[in-house]
Amino acid sequence: MKKTVLAFSRVSPEMAERLQQDFNVIIPDPKKGDLNEQFNEALPHTHGMIGAGRKLGREQLESAKQLEVVSSISVGYDNYDVGYLSERGIMLTNTPDVLTESTADLGFSLIMSSARRVAELDAYTKAGNWKRSIEAPHFGTDVYGKTLGIVGMGNIGAAVARRGRLGFNMPILYSGNSRKTAIEQELGAQFRTLDQLLAEADFVCLVVPLSEKTKHLISTRELGLMKKSAILVNIARGPIVDEPALIEALQSGTIRGAGLDVYEKEPLPESPLFKLSNAVTLPHIGSATHETRQAMADRAFDNLRAALLGEKPQDLVNQQVWKG
Ligand code: 8YV
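This section reports on the structure supplied with the text. Just so it is clear, the model here is predicted, and its values are computed rather than measured.

The rules behind the values
- Residues numbered from 1 in each chain as written.
- Predicted model: local features only at pLDDT ≥ 70, side-chain atom pairs only at ≥ 80, totals over all residues.
- Heavy atoms only, no water.
- Helix = DSSP H or I, 4+ residues; strand = E, 2+ residues; numbered from the N terminus.
- Polar contact = N/O pair within 3.5 Å; in protein donor to acceptor, adjacent residues only side chain to side chain.
- Contact = heavy atoms within 4.5 Å.
- Axes fitted to C-alpha atoms, helices over the stretch in contact; angles between N-to-C directions.
- Parallel < 35°, antiparallel > 145°, perpendicular 65-115°, else oblique.
- Left-handed = near helix turned anticlockwise from the far one by under 90°.
- Nonpolar A, V, L, I, M, F, W, Y, C, P; charged D, E, K, R; others polar.
- Near = heavy atom within 4 Å.
- Areas by Shrake-Rupley, 256 points an atom, 1.4 Å probe, with all protein chains shown as cover.
- Pairing = 2+ DSSP bridges.
- Salt bridge = Lys/Arg side-chain N within 4 Å of Asp/Glu carboxyl O.
- Buried < 20%, exposed > 50% of the residue type's maximum accessible area, 1.4 Å probe, protein only.
- Phe/Tyr/Trp six-rings, centres within 6.5 Å; stacked < 30°, edge-to-face > 60°.
- Lys NZ or Arg CZ within 6 Å of the ring centre and 35° of its normal.

Further remarks concern the side chain of Asn-318. Mapped onto the elements, Asn-318 comes out in the segment after helix 12 (290–308). Of the polar contacts made by the side chain of Asn-318, one reaches the side chain of Ser-86; its length is 3.2 Å. If near-sequence neighbours (up to four positions away) are discounted, Asn-318 is found in contact with Val-82, Leu-85, Ser-86, Ile-90, Met-91 and Leu-92.

Attention shifts here to the packing of helix 1 (residues 13–22) against helix 12. The interhelical angle for the contact between helix 1 and helix 12, taken along N-to-C directions, is 15°, at an axis separation of 11 Å. Between helix 1 and helix 12, the angle is such that the two are roughly parallel. Crossing angle aside, the handedness with which helix 1 passes helix 12 is right-handed. Contact with helix 1, carried on its side by Glu-14, Met-15, Arg-18, Leu-19 and Asp-22, involves Gln-294, Ala-297, Asp-298, Phe-301, Asp-302, Leu-304 and Arg-305 of helix 12 and no other residues of that element. A class-by-class count of the residues in the contact of helix 1 with helix 12 yields five nonpolar, one polar and six charged.

Quick look at the site of the ligand now. The local shell around the ligand consists of Ala-52, Ser-74, Val-75, Gly-76, Leu-99, Arg-237, His-284, Ser-287, Arg-293 and Met-296. Gly-76 has a polar backbone atom sitting 2.7 Å from an oxygen atom of the ligand. In this structure, an oxygen atom belonging to the ligand sits 2.7 Å away from a side-chain N or O atom of His-284. When isolated, the ligand has an accessible area of 330 Å², and the protein chains bury 82% of it. Of the residues assigned to the shell around the ligand, the class counts are four nonpolar, four polar and two charged.

Let us now look at unusual backbone geometry. A cis geometry characterises the amide bond from Glu-266 onward to Pro-267, with omega recorded as -5°. You can see Pro-267 is positioned in the loop between strand 11 (257–260) and strand 12 (279–281). The backbone phi angle of His-284 is positive, close to 50°, even though this residue is not glycine. Structurally, His-284 can be placed in the loop between strand 12 and helix 12.

The five strands are arranged 2-1-3-4-5 in an open sheet whose pairing can be described as parallel. Taken across any chain shown, the strands that pair with only one partner, and hence form the sheet edges, are strand 2 (24–26) and strand 5 (91–93). Strand-to-strand twist of the sheet, defined as the mean angle between neighbouring strand axes without regard to direction, takes the value 20°. Across three bridges, strand 1 (residues 4–7) lies against strand 2 in parallel orientation. Of the residues in strand 2, the one forming a bridge with Thr-4 is Asn-24. Here helix 12 sits on the sheet and contacts strand 1, strand 3 (48–51), strand 4 (69–72) and strand 5; the angle it forms with strand 4, its principal contact strand, is near 170°.

Take the pattern of salt bridges next. Counting across every chain of the model gives 20 salt bridges. Across the pair Asp-195 and Arg-221 runs a salt bridge, and its minimum N-O distance is 2.8 Å. Taken together, the residues Asp-195 in helix 9 (residues 194–200) and Arg-221 in helix 10 (residues 220–225) connect sequence positions 26 residues apart. The partly exposed category is assigned to Asp-195, whose relative accessible area is 33%. Judged by relative accessible area, Arg-221 falls into the partly exposed class, the value being 47%. One network of salt bridges, with partners in common, ties together Glu-14, Arg-18, Asp-298 and Asp-302.

Turning next to the packing of aromatic side chains. Overall, the coordinates contain three aromatic pairs when judged by the stated rule. With 6.4 Å between their ring centres and 85° between their planes, Phe-8 and Tyr-80 make a pair best called edge-to-face. Taken as a pair, Phe-8 in the loop between strand 1 and helix 1 and Tyr-80 in the loop between strand 4 and helix 4 (82–87) lie far apart in primary sequence, 72 residues in all. Note on Phe-8: relative accessible area 8%, which makes it buried. Both rings, one in Phe-108 and one in Phe-168, keep their centres 4.7 Å apart while their planes meet at 35°; by these two values the pair is tilted. Of this pair, Phe-108 sits in helix 5 (residues 100–115) while Phe-168 sits in helix 7 (residues 155–168), and the two are 60 residues apart along the sequence. A residue is classified by how much of its surface remains accessible, and Phe-168, at 24% relative accessible area, is partly exposed. Note that Arg-18 overlies the ring of Phe-301, its terminal NZ or CZ placed 3.9 Å from the centroid. For the cation-ring pair, Arg-54 lies above Phe-39, with the distance from its terminal atom to the ring centre recorded as 3.7 Å.

This next bit is on the sheet that holds strand 8 (residues 190–191). Each strand in a sheet pairs with its neighbour through backbone hydrogen bonds, running either in the same direction (parallel) or in the opposite one (antiparallel). Reading across from one edge, 8-7-6-9-10-11-12 is the order of the seven strands in this open sheet, with parallel pairing throughout. Since the sheet does not close on itself, it has two edges, and those belong to strand 8 and strand 12, each with one partner. Two strands pair when backbone bridges link them, and strand 9 (residues 203–206) and strand 10 (residues 231–234) are joined in this way by four bridges, in the parallel orientation. Looking across to strand 10, one finds that Phe-203 is bridged to Ile-231. The sheet strands contacting helix 5 are strand 6 (148–151), strand 9, strand 10, strand 11 and strand 12, and the helix crosses strand 10 at an angle near 150°. Helix 11 (residues 243–252) contacts strand 10, strand 11 and strand 12 of the sheet and is inclined by roughly 140° relative to strand 11.

Quick look at the structure:
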C-alpha cells in the first residue's frame, strides 16, 4: 500500500507530481479551508512530511503515530524538536551543501551593500535627491583589505571567508566551538575568542546555528565590544541577535551599521529597523535563488523517498534513529 506524504509548506507542482509517483500526497490548500485543520486531519495517516518554516515537535506531532520521517527543505533545523523526533524514532533530514554558495553570496552582498550604503543611496537616487556630487555625509566605508570576522566557521562561514580573503584581500578572524586548521591553512584564518573577534573585526558575520547556547549571543555587551566603525551581518538566525539591543546600538552609533537577512520574528511586516538608514533589511533570502531552491527541493525529495522506501537517507540529522 502506498505510504502517505504530507507537505507542511508550499511545494512546487513538479515536486507534487514526483511525490505522487510513489506516495499518496496531501498538500493543504487554503481554498479548501483552514490550513491547520487540514494539517491536523492528515497527521494520523501520515508516514512522511516535507517542507520548511514550521515548528514541529511534541505538540504538533503527537497524533502522527505512523510518522517515519520529516524531510526539511532547509539546512537549519532549529524549527524541529530533534530530541522528541529521536525519542519517537522519527528521522529528520535537512539539505546541507546545496545552498552554501548562494547563502555565502548573499552574506557578502550584505557586507558590500551595508558598507557602501547601496540600498539607502539607491532610494536616495530614485527619490530624485541626486542634485549635486555626493559628499562626505553620503560616503560609505571600504571593504577591500578590512578585517572580516566569521562567527561560526562551518561550510557557509568558510565560503564567506573565501570571498573575503580571495576576492577582497581581507584578513580573516573566526570564532566557534573548535579550531578549523584546514581553513587556517587555506586562508590564513586566525582563531579568536568571540570578544576578541568583536573588538578586532571591521565586519562581523554571524553564521552559527541557533541553539540555547547561541540565542542572544550578540547583545548589548557584545555590540559594545565592536568598533564604532564596524558592521554586523546576520545570515544565520534572527534570535542569535538581541534585536532591541541591536536597534539601540544602530540608533546610538555604537556600531556603524547592520546587514540583516534574518530576524527574531519572521516574517517581519514592520520594525523600527525599517526606519534606520544604517540597517540593510532583507526578507530571509539566503538560499532564495531559482537554482538553489530547486537543488534543495531535489535533495529533500531524495531524502524523503529514501527514508520511506527503507533506505538510509543521505542527510540524516539524527543518525541514532537509523535502524538499518
Ligand atoms: C531556507 C534557511 O530558505 O536552509 C535554511 O536553514 O534558513 C533557508 O535557506 C529556509 O529555511 C526556508 O524556509
